[in-house]
Every structure is written in C-alpha cells, then in structure tokens.
Amino acid sequence: MLGGTSDIGLAVARRFAREKFQVVLAGRSLPTLDREAKDISIRFDVNAYAIQFDALEKGSAQALLAALTETPNVVLCAIGLMRDSDVDSWDEVEEALIMRTNLEAPSLALGLLAGELCKAGSGVIIGISSIAGVRGRAKNLYYTAAKAGFIAFLSGLRNRCHGTGVRIVTVLPGFVRTKMLGNLQTPKFLTATPEDVAEAVFSACQSGRELVYVKGVWRPISWALRALPESVFKRLKV
Amino acid sequence: MLDGWGRYPSLTGDVAVPRHLDDATSVMQMQRPLIARGNGRSYGDSAVSPDLTLDMRSFNRFLDFDSARGRLTVEAGVLLADVVNVALRHGWFPPVTPGTQFVTIGGMVASNVHGKNHHLVGNFGDFIDWIDLIGPDGQVRRCSRTKNENLFNWTLGGMGLTGIITKVAFRLKSVETGWITQEVRKCSNLSDTMDEFEKCELAQYSVAWIDCLTSGPQEGRSLLMLGSHATLDQFAEQPLKDRYALNPRLRLNVPFDAPKLLLSRPPMRLFNSLYYRFHNTGASKSFTTWEDFFYPLDRLRNWNRLYGASGFVQVQFALPMVSARKGISAVLQIAKETQASPFLGVLKKFGPDNSLISFPMLGYTMAMDLPVRAQTFDFLARIESEIIDQGGRFYLTKDSWLSAKALRESDPRFLAFREYRQSSGMAGVFESKQSLRLGI
C-alpha cells in the first residue's frame, strides 16, 4: 500500500489482511507505520511490515522496488493531498505540491510497479482518484485537475497492461469520513467510511470491475456532471 | 449528542477523536475540562463531559502480543471483542470479562470491571501489568504496582478521572477450548439462591438471573448459571471440530445441547418464560459457546433501544455478606411497593477486594434495570437509603442518578479520591458529567 497513514489506504490494507494477504505499508512516517503494521499483523495473524517511502523524492519508486522482498500481487495507491484553496490565496509552492502529490508522484510509482507486475504476468493495481476528478472545476482547481489527470493515467495504464494479466482498478470516492475530510459536514447518503471504500475495492478485485464509485450513488451524479455542456457547466458553482 | 448505554441522560458537547498520541496531548493544550470515552457502554454519564469528550475508539492499535505467555499490550480504544478475536485462536481468553464484549480496554480499566468470577479471581485490574496515562500536565506517565503506585491504584476504578488512559499491558487466561460447560439450577427463592451460591465452589463462573416480580415465599426465585471453561478431555468421546468456537456455523453435536437464553422481545415477564423452560428439570448440564455464555445480551445489537426512546436506568449495588440477604430482600420489597417493575435482576457473588476505589466488596452484588417512568425515581430514592443503611455501595459505571450526598455516605473512599485528584492537579482537568454531579 502506497500512501502511509492514509485512512483509506489502511482500511484497504486491513481488508486484504483479513483475507490473509501479507501487507507492506509504504509511506513517510516510519514509526507510525511500524505501529500500524504491527497492529495488522496481530489482528489478522499475517505478516505485515512498513517501508520508508516518500513518493515526492526522486528515485523513491526504484528504491521501493528494490526494498520489496517479492513482487506484490496487489498494489494500492492511496497517495493524496488536499488543501482548501480558493481564488484569493494562490500559492505557487502549495499548488505545485498538490499537483505533484496527486498526479506526478502516484503515476511515476505506479508506472514502475506496473512494469514489474507485467513481468510477473499477473496482479492488480488500484489507484484512488476522486469524484472531484471527473471534471475540471473552479473549486480546489489544482487538486481537481491532478485527480482528473490521474484518472486518465490509470486509463492509459489499463490500455498498456491489457493482455498482460495485470488489471487496473480506478477508484472514485465521493465524500469519505477521513482525516482529509476533517470537520466538514457532508450529507450522510453521499458519505462513505474508509471501510466502505475498502469493501468496494476488495469486491472489485474479486469481480474484475474496473471503475469503482464509493458510494454507488456517485455514478449517476458523475455521469450527469460530465454530460453537461461546457457553456452550462462554466456558470455553475459545484 | 452523547449519552450512556441507558440513553438517559443525553447531552450535547464537543467531541474530539484522537488517533495518535500527539492528537491527544495537543487536545490537553486546549485547557478545557475533558473526559475520555470508550465505546459508551457505561449506563449513565461517566463518559460524557459537558465540555469536551475524547472519543478514544480510533486510538485502537494492538501493540504487542506474546502468544506463548498470553501477554497483550494495546492502545486504550481496542475493544474486548477484538481481544477475543485475536487471542482465543491461540488459546487465551480475557481473565475477567464484563457482560458485553463491546467495551474498550481503557473503559475496563476505568471501571475496573468485574465478571462472573470475582469471588475467585478479582477484578480486571488484578491482571494489568502497567498503564500509560496522559496527566493534567499533558505528559505521559507509566504506572504499575511498582512505579507510580498511587496513580495506578487510583486509576483502577477511577472512572477516567485520573487521566487519559492511552496504553494498557495485561495478562490473559489460558484456555483449552472456547467452550463452556454450563449448569443451570432452579432456585425457589432468594435464600435458596444464596445457599446455592455458597455451595458451588467448583464452578469458575456463577451468576443468577433473579425474578424481581414475585413476592412471598417465591421472592427472589432464580436461575443460577454455573460455568467453567471446557477442557479437551471433556470432548474425548467425539472429535471437536471447532475447538475455540470461533465459527458460528459449526455446532457441536453433544447429547445435551444448550438452550438459548436470548431476549427475543422486551418482556416484563421475561423471567417466567425462561423459568418454565426448565420446569421439567431441576438442573441441566450442557456445553455452550463462550459467546453464548458470557455475552448473551450482545446478540441483540442495540438492545437498549428496545426500552424505547425514554431510556432506562440500571442500578447495581454491592452489599456486605452480613446484610446481603436482608438488603436484597428489602430492595425487592421496595420494587413491589413502588411498582417500579424492574426485570432481569442479576445476582453475583463477590470475593474480598483490596482496591482503593473499585466497586466490589466481599458479599453480593445485584444489578437491575428499570424503564424510566414516574415511579422509578421513588424506587431509586428508597433503595438509595436502604443500601446505605445496610453498609452497601453503588457501581458508578451503572449510575446516572446518585446524589453527591448519597455517594459520600455510601462510599467515603471517594473523599480520599477527591483529595488525590485535587492535589495532583487532575480536578478541573478531567471531569465528566458524573464527576461534577457526584462532587468527586
């Protein structure tokens, strides 16, 4: 699992651990990750360990690959960063970080890992994008753009890996009760828990589904958002 | 909106959800009176603060498990249910367990819970090696029987008022299987029940379900349930498929199958329906699973909702050996007179207890629940004075209604507890609605 202490990442890791998968947690805060790995290994009686990995660092993906003792069967990428940004507070450094964290870093890492999985001839790569990425919009402009780019990347990766035995799953969560969501009050019927996402991800791995919306209600909403012509959408504040 | 398991009283207040130690210590910097909260299974307002409540359920990692020696170290928010899940398949079980597995370990420490085996092994605290707490200064301290002993002893049963419990290291009990050999005896009245309690030395666990609605010669009739962990040799005659009873679908095929003592509806005459199931046999022996024996009420998720929106109160008191029989009889009488209609009275025997502030005392304990109605408060007021007169005391984990005066009179230990809290800077920092009400 790439993405350290991400709530969704850990929930998915636990879900797979429940099915007796060995778990590797890759992220930045190693002491915290060690504790999470220990918890997973005790709770589920599986081998679990943590690896230091900073996706933003040059060469980190190669180092990660070298550190893994075996090629994983499933790779989950839950790397992400969101900061509330609005028109008035434009900060070049901040926005660049948002773009790198949500698009550049995950894409480079997954691209490399996909190569390894293709060599092995099997495996699943799961990328956590967001409903936010289904269409470019003003709110959280750079986050939205990066997430949209990540959806396209995963699509491209799927195209590239077709026929190799490696599947690519794109996950589009709407609102999820995580650290990232913070104290924002969201409507209950639109909001999922990290465990809901984990369950949906696991199901998709079993069933072969490629595009996963959590909760499912976001699928028609997303379709509607994309269907609107630009001349209409540009006036909206969503 | 926060309340206790009895859904009475309810309060609005702020809730913080720490996930890591830094979250918890930084909350302390806000300098607001607060209380830590586990899974909210205490019946009243001991885990509710009018200001800030810390929901510790995300502070729930398993830190270490020595499966050879049965030693576990956990963060305070770990649920007992998770402990059973982890430990039982390695042949370990909680040494002391309350009536539900959906409590946090931190909560078990704060209440210093007892089980159906107190007369033999004592409280959960007796099996704890050390506890880490965040104190009023925001610092983490480790306490045990040999280090910071005062803090350790006041924390066991201290209702979370000595600090935020973050980690607990404790010992588990070795078991050969997840099955319990259970025996149920019909007892014709309170005297008979208590005589039977005194006789059953061999059973590891004992509890009696008391009929609170009968009077006269049948007053306090009960079903006494005895249990012990089944050993492998008890299954010599047939292969044991599910050794630790972890798979609910596999059922043991034995001559005596355990009758299910489940609440299927909120009956006031519950006891009658249970009692007459056994009317053909004076006693019955069977095998039952750990889940059915220890946690029958957990089967009904959110069973507290059966009592309706107005909620219910539970009362649990302890009486010393010398006045137990008289006191319990008096309480049953008062229930009749006030028409408070408690049902499902639970009686357990207590052994000697040397703890500073925990609830048990050598004697007996009875727990009853009552729906919140007009008569309820009359009943509570009267048994309050009855229990105090008989030298007994009340379990704060079940309390939502006791007055500060009644606590002082029934349990003078709390005066020393308050002094300790004040001199250690804990007073005013760690407060629950209950602690404010009771003046501790």
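Use the structure listed above.
For every chain, the first residue of the written sequence is number 1, and numbering continues from 1 along that sequence. Lettering for chains starts from A, numbering for ligands starts from 1, and both go in the order in which the items are written. Local features in this predicted model are restricted to residues of pLDDT 70 or higher, and side-chain atom pairs are both shown and tallied only at a pLDDT of 80 or more, whereas totals for entire chains, interfaces and linings draw on every residue. Note: side-chain values were computed over all heavy atoms of the structure, leaving out hydrogens and water.

A. Representation of the packing of helix 1 (residues 7–18) of chain A against helix 2 (residues 30–44) of chain A in the model. All names here are of chain A. Direction vectors running N to C along helix 1 and helix 2 enclose 30°, while the axes themselves pass 10 Å from each other. With respect to helix 2, the axis of helix 1 lies roughly parallel. The two elements helix 1 and helix 2 meet at a crossing, and its hand is right-handed. Here Leu10, Ala13, Arg14, Ala17 and Arg18 of helix 1 lie close against helix 2, whose contacting residues are Glu36, Asp39, Ile40 and Phe44. Here the contact of helix 1 with helix 2 is built from residues that sort into five nonpolar, no polar and four charged. Each axis is a line fitted through C-alpha atoms, and for a helix only the stretch in contact is used; angles between axes span 0 to 180 degrees, taken between their N-to-C directions. By definition, any uninterrupted DSSP run of H or I lasting at least four residues is a helix, any uninterrupted run of E lasting at least two residues is a strand, and each is numbered from the N terminus. Here the angle decides the label: under 35 degrees means roughly parallel, over 145 means roughly antiparallel, 65 to 115 means roughly perpendicular, and every other value means oblique. Handedness of a helix crossing follows the sense of rotation of the near helix relative to the far helix, less than a right angle counterclockwise being left-handed and clockwise being right-handed. Note on definitions: a residue-residue contact is assigned when non-hydrogen atoms from the two residues lie within 4.5 Å. Residues are sorted three ways: Asp, Glu, Lys and Arg are charged, Ala, Val, Leu, Ile, Met, Phe, Trp, Tyr, Cys and Pro are nonpolar, and all the rest, Gly among them, are polar.

B. A look at the packing of aromatic side chains. Residues and elements named next belong to chain B. Stacked, tilted and edge-to-face pairs are distinguished by plane angle, under 30 degrees for stacked and over 60 for edge-to-face with tilted covering the rest, among Phe, Tyr and Trp rings (Trp via its six-membered ring) whose centres lie within 6.5 Å. Scanning the model with the defined rule gives 20 aromatic pairs over all chains in all. Both rings, one in Phe197 and one in Tyr364, keep their centres 5.6 Å apart while their planes meet at 75°; by these two values the pair is edge-to-face. Separated by 167 residues along the polypeptide, Phe197 in helix 6 (residues 190–199) and Tyr364 in strand 19 (residues 363–371) bring together distant segments of the chain. Judged by relative accessible area, Phe197 falls into the buried class, the value being 2%. Note on geometry: a ring has a charge over it if NZ (lysine) or CZ (arginine) is within 6 Å of the ring centre and within 35 degrees of the ring normal. Sitting above the plane of the Phe293 ring, Lys116 keeps its charged end 5.6 Å from the centroid. For every residue, the accessible area (1.4 Å probe, protein chains only) is compared with the maximum for its type, and the residue is labelled buried under 20%, exposed over 50%, or partly exposed between those bounds.

C. Region of the structure containing the pairing of strand 2 (residues 48–52) of chain A. All names here are of chain A. Strand pairing requires that DSSP identify at least two bridges connecting the strands. Bridge count for strand 1 (residues 23–27) against strand 2 is five bridges, and the pairing is parallel. For Val24, the partnering residue across the bridge sits in strand 2 and is Tyr49. Note on handedness: a clockwise path from strand one over the helix to strand two, with the strands aimed away from the viewer, defines a right-handed crossover. This β-α-β element, strand 1 to helix 2 to strand 2, shows right-handed connectivity.

D. Local environment of a nonpolar patch on the surface. Residues and elements named next belong to chain A. Within this analysis, patches are made of residues with over 30% relative accessible area and no salt bridge. Like charges are joined at 9 Å or less; nonpolar side chains (Val, Leu, Ile, Met, Phe, Trp, Tyr) at 5 Å or less. Residue burial considers only the protein chains on display, and all accessible areas are found by Shrake-Rupley using a 1.4 Å probe. By definition here, a salt bridge exists when the distance from a side-chain nitrogen of Lys or Arg to a carboxyl oxygen of Asp or Glu is within 4 Å. Taken together, the side chains of Val232, Leu236 and Val238 define a hydrophobic patch exposed on the protein surface, amounting to about 220 Å² of accessible area. Relative to the helices and strands, Leu236 is located in the segment after helix 8 (230–233). On the accessibility criterion, Leu236 (40% relative accessible area) is partly exposed.

E. The state of the cysteines, seen in detail. Residues and elements named next belong to chain B. Note on terminology: disulfide denotes any pair of cysteine sulfur atoms within 2.5 Å. The full count for this structure, using the stated rule, is zero disulfides over all chains. Here Cys212 is not cross-linked by a disulfide; its sulfur's nearest cysteine counterpart is in Cys187, at 14 Å. Using a relative accessible area of 3% as the deciding quantity, one classes Cys212 as buried.

F. View of the sheet that holds strand 9 (residues 128–134) of chain B. The five strands are arranged 6-7-11-9-10 (chain B) in an open sheet whose pairing can be described as antiparallel. Two strands in the sheet have a free side with no partner beyond their single neighbour: strand 6 (62–66) and strand 10 (140–143) of chain B. When the angles between neighbouring strand axes are averaged without regard to direction, this sheet yields 10°. In the packing of helix 2 of chain A onto the sheet, the strands contacted are strand 6 and strand 7 (71–75) of chain B, and the crossing angle to strand 6 of chain B comes to about 50°. Across the sheet, helix 1 (residues 21–28) of chain B touches strand 9, strand 10 and strand 11 (164–171) of chain B, and the angle it forms with strand 9 of chain B is around 50°.

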